[in-house]
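Commentary on secondary and tertiary structure
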Amino acid sequence: MANKNLSVWTSIPFWRRSAAWVTGFASILLIWLTFDTLGQISMGTDAELKEGLKSGIHKRVPAPTVINYNIGYEMSTKRGHEVPVIGAKEPFFGKEWSEKEAAELLHLGKLTSQAKNCMNCHTLLGNGAYYAPDLTKAWIDPAWKDGGTMQAMTGKGTKEEAMAEFLQHPSTYPTHARMMPELGITAEEAKGLVAFLKHMSSIDTNGFPRNFGKEEGSTNAH
């Protein structure tokens, strides 16, 4: 029988070679994306933070010492959403925190958020529940600023003091039908949690969550 000219599309060796090339390319791409992602999500240093203040280019996850600075958001026409803006220095609980102190305080806040199971009710950076407000950008909620309802309700003179007071005694300040329970949070744990929330609000999350904090009290931690 004469040999027939078979199409390459029906050639088993062709598909085997193609599968090997595609698998190899996908593996290389996955490795590259892994290292790129690690670079994006790794926490910056105090030196990188200070350099970013000069250049205007910051790590997506700033250094713990970002708690010593004003954090706001502004619309980026280039990126099509709001981006965090790290501004001038401001006292945090009445002082400027060293790199070591800030890292320890942030670590305490992270451990406390885990120990108190905050994500059982709240969402943090896209993870958690939706029973209570998303806390990703709770620090910039207008309710906590000077003249805001929560600062007025707690009678505290600064945003961080008002948030710490609320976390320690949530039932004293009813804000919603879904009341935050008393979790036995100590003064130091509350301070750590507020540092954790402030730092989290400085993370560049590519605009997530959107339309955040447009209305006062949109993220009250109840």
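Coordinates for the structure precede this section.
Given the structure is predicted, the values throughout are model-derived calculations rather than measurements. (Residues numbered from 1 in each chain as written. Predicted model: local features only at pLDDT ≥ 70, side-chain atom pairs only at ≥ 80, totals over all residues. Heavy atoms only, no water.)

Observations regarding the packing of helix α5 (residues 159-168) against helix α6 (residues 187-201)
Here is the rule we go by: Angular values range over 0 to 180 degrees, each being the angle between N-to-C directions of two axes fitted as lines to C-alpha atoms, with helices fitted over their stretch in contact. Strands here mean DSSP runs of E at least two residues long; helices mean DSSP runs of H or I at least four residues long; both are numbered from the N terminus. Should an angle fall under 35 degrees it is called roughly parallel, over 145 degrees roughly antiparallel, and 65 to 115 degrees roughly perpendicular, with every other angle called oblique. Working rule for handedness: look at the near helix, and if it is turned counterclockwise from the far one by less than a right angle, call the crossing left-handed; if clockwise, right-handed. In this analysis, two residues are considered to be in contact whenever any of their non-hydrogen atoms come within 4.5 Å of each other. Residues are grouped as follows: Ala, Val, Leu, Ile, Met, Phe, Trp, Tyr, Cys and Pro are nonpolar; Asp, Glu, Lys and Arg are charged; all remaining types, including Gly, are polar.
Running from amino to carboxyl end, α5 crosses α6 at an angle of 125°, the nearest separation of the two axes being 9 Å. Here α5 is positioned oblique relative to α6, judged by the angle of their axes. The element α5 and its partner α6 pack so that their crossing is right-handed. Note on element contacts: α6 touches α5 through Ala 187, Ala 190, Leu 193, Val 194 and Leu 197, opposite Glu 160, Met 163, Ala 164, Leu 167 and Gln 168. Here the residues of the contact of α5 with α6 sort into eight nonpolar, one polar and one charged.

A short note on the packing of helix α3 (residues 99-115) against α6
Remark: α3 packs on α6, axes separated minimally by 7 Å, with the N-to-C direction vectors making an angle of 100°. It follows that α3 is roughly perpendicular to α6 by the angle criterion. Residues Leu 105, Leu 106, Leu 108, Gly 109, Lys 110, Thr 112 and Ser 113 of α3 touch α6, and the partners they reach there are Glu 188, Glu 189, Lys 191, Gly 192, Leu 193, Ala 195, Phe 196 and His 199. Here the contact of α3 with α6 is built from residues that sort into six nonpolar, five polar and four charged.

Some thoughts on the pairing of strand β1 (residues 69-76)
Using the following cut-off: Whether two strands pair comes down to DSSP finding at least two bridges between them.
Relative to strand β2 (residues 81-89), β1 runs antiparallel, the two sharing seven bridges. Each residue of the ladder has a partner; that of Ser 76, found in β2, is His 81. Joining the antiparallel neighbours β1 and β2 is a turn of four residues, in which Gly 80 adopts a positive phi near 80°.

Section: α3
Note that an α-helix has 3.6 residues per turn; residues three or four places apart therefore point the same way. Definition in use: Helix span, expected: 1.5 Å multiplied by one less than the number of residues in the helix. Exposure categories follow from relative accessible area, calculated using a 1.4 Å probe and restricted to protein chains: below 20% of the type maximum is buried, above 50% is exposed, and the middle band is partly exposed. Directions are taken from the helix axis to each C-beta atom, and the arc is the one they span.
Here α3 contains 17 residues, and its C-alpha end-to-end distance of 24 Å stays within 8% of the 24 Å for a straight helix at 1.5 Å per residue. What α3 keeps buried is the set Ala 102, Leu 105, Leu 106, Gly 109, Thr 112 and Ser 113. Along the long axis of α3, the arc covered by the buried residues comes to 125°, so they all point the same way. Of the residues in α3, the exposed ones pointing more than 90 degrees away from the buried face are Lys 100 and Ala 115. The secondary structure elements touched by the buried residues of α3 are α6. Looking one or two places after α3, you find Asn 117, whose phi comes out positive at around 55°.

Side note on unusual backbone geometry
Positive phi outside glycine occurs at Phe 93, with the angle close to 55°. Among the secondary structure elements, Phe 93 is positioned in the loop between β2 and α3. In the Ramachandran plot, Asn 117 falls in the positive-phi region, its phi being about 55° despite a non-glycine side chain. Looking at the secondary structure, you find Asn 117 in the loop between α3 and β3 (123-124). The class for Asn 117 is partly exposed, based on a relative accessible area of 44%.

Read these as layout, nothing more, since geometry by itself doesn't imply function.
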